[in-house]
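# Reading the structure
What follows is the residue order along each chain.
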Amino acid sequence: MLSFARAFITGLRRVTLLARLRRLEREAAYMQGVIDRAPLAIAAHRVHINRTLLDLQQLEQRP
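Here is a short report on the structure shown in this document. Computed from a prediction, not measured in an experiment: that's the story for all the values here. (Residues numbered from 1 in each chain as written. Predicted model: local features only at pLDDT ≥ 70, side-chain atom pairs only at ≥ 80, totals over all residues. Heavy atoms only, no water.)

## Some points on the pattern of salt bridges
- The tally for this structure, following the rule as stated, stands at three salt bridges.
- The residue Glu 60 makes a salt bridge to Arg 14 at a minimum N-O spacing of 3.0 Å. Within this pair, whereas Glu 60 is found in helix α2 (residues 39-61), its partner Arg 14 is found in helix α1 (residues 2-34), the two being separated by 46 residues in sequence. (Salt bridge = Lys/Arg side-chain N within 4 Å of Asp/Glu carboxyl O. Helix = DSSP H or I, 4+ residues; strand = E, 2+ residues; numbered from the N terminus.)

Okay, here's the thing in structure tokens:
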């Protein structure tokens, strides 16, 4: 039962992280295309995207 709960929570976290990643990528693409005078905002979004990718990689490496 505990392993099912852990798998469910892990799956839910993965879905949440993937949704966040898609949202951040859309926002970054919008800002890159429209706001060419905002390199710091674009860089900040890239940091969040990279952190989300790292979180996903770490989550997938867990047993």
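## Some remarks on the packing of α1 against α2
- One way to put it is that α1 packs onto α2 with a least axis distance of 9 Å and a crossing angle of 160°. Classified by the angle their axes make, α1 and α2 are roughly antiparallel. Remark: the crossing between α1 and α2 carries left-handed chirality.
- Each residue belonging to the contact of α1 with α2 can be placed in one class, and the counts come to twelve nonpolar, five polar and eight charged. (Axes fitted to C-alpha atoms, helices over the stretch in contact; angles between N-to-C directions. Parallel < 35°, antiparallel > 145°, perpendicular 65-115°, else oblique. Left-handed = near helix turned anticlockwise from the far one by under 90°. Nonpolar A, V, L, I, M, F, W, Y, C, P; charged D, E, K, R; others polar.)

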